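# Understanding the architecture of this molecule
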Amino acid sequence: MERSTEANPRALVVDDEPDIRELLEITLGRMGIDAVSAADLEEGKRMLAAGGYDLCLTDMRLPDGNGIDFVRYMQQQHPDIPVAVITAHGNMESAIESLKAGAFDFVTKPVDLQVLRTLVNTALKLTRRTAPSAGDAEAGSGLQLIGESPAIQATRQTIAKVARSQAPIYISGESGTGKELVARLIHEQGARRDLPFVPVNCGAIPAELMESEFFGHKKGSFTGATADKQGLFQAAEGGTLFLDEVADLPLSMQVKLLRAIQEKAIRPIGSQREIPIDVRILSATHTDLGQLVEEGRFRQDLYYRINVIRLHVPSLRERRDDIPLLTEHFLGRIADAWDIPPVTISPAALKALAEYAYPGNVRELENILERAVTLCEGETIEPADLQLPEIAANGPAAAAPVAGGRAMGPPPSSGSGTTASLEPLLQDVEKEAIVKALEQTRYNKTAAARLLGISFRALRYRLKKLGLE
């Protein structure tokens, strides 16, 4: 059924209580939405078959079935129409089950009209625009999930599917696989794309500052609170809050985070009232959250709340076919960033990359290529330039592993921590020499590289690694 783009949005309300149907119809009508209602699932299905709806609201309990069954039906027959479930207050299990079944979101009884309006406006953003394909969305946002392997294509399809929901997503995967990139793509392809995406590394916030960082504080609420401060939840209002390394949250903070997610409200430190929030939660960690729950180090109730839908990001070992494409992409990016002619890679070097184990995954591959571009003498990277443990077996640089995506120096000799403790000192000496050469050549990088006896590419690499760019 074709409808004019100028027509009001249309909503279907499925509820067996006349008072609720009337309340929702009036509320939606005041928002400029044409609402019609059905008293049971069969009537709702007949009305959907006529077409022309932009969203649907359904009660959980109905005379001829339940709302979750209706959500599953819509996922099969009308997947483009966002459906939200109305649940009894406090029945979080049903709400989570509805999200897993494919519901866009949920609202609890008694219905908070402001929460309802926010939910409806967010849902309409999905249907008012033509939903882009995963590839088009990536191109439009500038973010890319490089690769054509079956594993990465499946990941793209999952991203496109979960982006249409408001369900909390738990992104699992090893370090360096690109979990934050996946989170950003979910945000960019969803209804919240025009609002903030706020990433936070939970392991980088001191425990004593965590509550203030997440929820904000009022002036004078504690020593040093000289002004009101907005927390991360408020900074992400209307958008997405990405909790990276969520396993690092202390148990005391996990309780407060769970309440904020369930109540959709926060209380800044020192405030006498709660502030309603509208934020989608995405979380990630490289550790096994289920194992931490068993060990009592992560709350089971929070685990179930953030792990409504799990999205696993494959390791590079699971998608080796993508290594040539990733290599080409990173070499092009390095050339652009360093303002140098593109460097190619020999078949032998590419074969060596394809056979390497990659404990640091995609991040490690990028790091290896940055180092190789620096070390290669000509315009083509050879196996020895990669400095992989299996390739460069002779010399101190042979065992230069990559930990967490950062290239490390030679490992300490057995029984001594001397090398590890010398690294900061050596970096300071190197930094001083480079700065001195730049000053002496009036910041002419080509001349400075010549003065230092290294290639221009090597100088660019050292400037980036030492934070001197």
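Every chain is numbered on its own, with residues counted from 1 as its sequence reads. With the structure being a predicted model, the display of local features is reserved for residues of pLDDT at least 70 and the display and counting of side-chain atom pairs for 80 or more, all residues being used for whole-chain, interface and lining totals. Computation of side-chain values covers all heavy atoms of the structure but excludes hydrogens and water.

## Quick look at the pattern of salt bridges
One speaks of a salt bridge when a side-chain nitrogen belonging to Lys or Arg is within 4 Å of a carboxyl oxygen belonging to Asp or Glu. Within the structure shown, the criterion is met by 19 salt bridges. In this structure, Arg317 and Glu174 form a salt bridge, with 2.4 Å as the shortest nitrogen-oxygen distance. Here Glu174 lies in the loop between strand S8 (169-172) and helix H8 (179-188) and Arg317 lies in the loop between strand S14 (309-312) and helix H14 (323-338), a separation of 143 residues in the sequence. Exposed residues in this analysis have more than 50% of their type's maximum accessible area, buried residues have under 20%, and partly exposed residues fall in between, with area computed by a 1.4 Å probe over protein chains only. Owing to a relative accessible area of 35%, Arg317 belongs among the partly exposed residues under this scheme. The partly exposed category is assigned to Glu174, whose relative accessible area is 30%. The partner of Asp228 in a salt bridge is Lys218, with the nearest N and O atoms 3.4 Å apart. Placement of Asp228 in the loop between helix H9 (210-215) and helix H10 (232-235) and of Lys218 in the loop between H9 and H10 is noted, with a sequence separation of 10 residues between them. Relative accessible area serves as the criterion here: at 51%, Asp228 is assigned to the exposed category. Secondary structure is summarised from DSSP: a helix means a run of H or I of at least four residues, a strand means a run of E of at least two, and numbering begins at the N terminus for each.

## Quick look at the sheet that holds strand S6 (residues 83-88)
Should DSSP find at least two bridges between two strands, the strands are regarded as paired. The strand order across the open sheet built from five strands is S2-S1-S3-S6-S7, with neighbouring strands paired in parallel fashion. The sheet is open, and its two borders are formed by strand S2 (34-38) and strand S7 (105-109), each paired with just one other strand. Sheet twist, expressed as the mean angle between neighbouring strand axes with direction ignored, is 20°. Angles run from 0 to 180 degrees between N-to-C directions of axes, and those axes are lines fitted to C-alpha atoms, restricted for helices to the stretch in contact.

## Focus on the nonpolar core
Only buried residues count toward a nonpolar core, which is a set of Ala, Val, Leu, Ile, Met, Phe, Trp, Tyr and Cys residues joined through side-chain atoms within 4.5 Å. Counting residues in each nonpolar core, the largest one holds 32 residues, and the members touching the most others are Phe214, Phe233, Leu241, Leu243, Leu249, Leu289 and Phe298. Going through the elements one at a time, strand S9 (197-201), H9, H10, strand S10 (240-244), helix H11 (251-263), helix H12 (289-294) and helix H13 (300-306) are the ones with two or more residues in this core. Here the element with the most residues in this core is H11; it accounts for five residues. Discounting chain neighbours no more than four positions away, the residues touching Phe233 are Phe214, Phe215, Leu241, Leu257, Ala260, Ile266, Ile277, Val279 and Ile281. Counting residues in each nonpolar core, the second largest holds 27 residues, with Leu326, Val343, Ala372 and Tyr461 among its members. The contact definition used throughout considers only heavy atoms, calling two residues in contact when any of these lie within 4.5 Å.

## Observations concerning helix H4 (residues 92-101)
A large share of H4 lies buried, amounting to seven of its 10 residues. Regarding H4, the residues found buried are Met92, Ser94, Ala95, Ile96, Ser98, Leu99 and Ala101.

## What about the pairing of S14?
Here S14 shows a clear split, with Ile309 and Leu311 buried on one side and none of Arg310 and His312 buried on the other. In this structure, S8 lies alongside S14, joined through four bridges in parallel fashion. Among the inter-strand pairings, Ile171 is bridged to a residue of S14, identified as Leu311.

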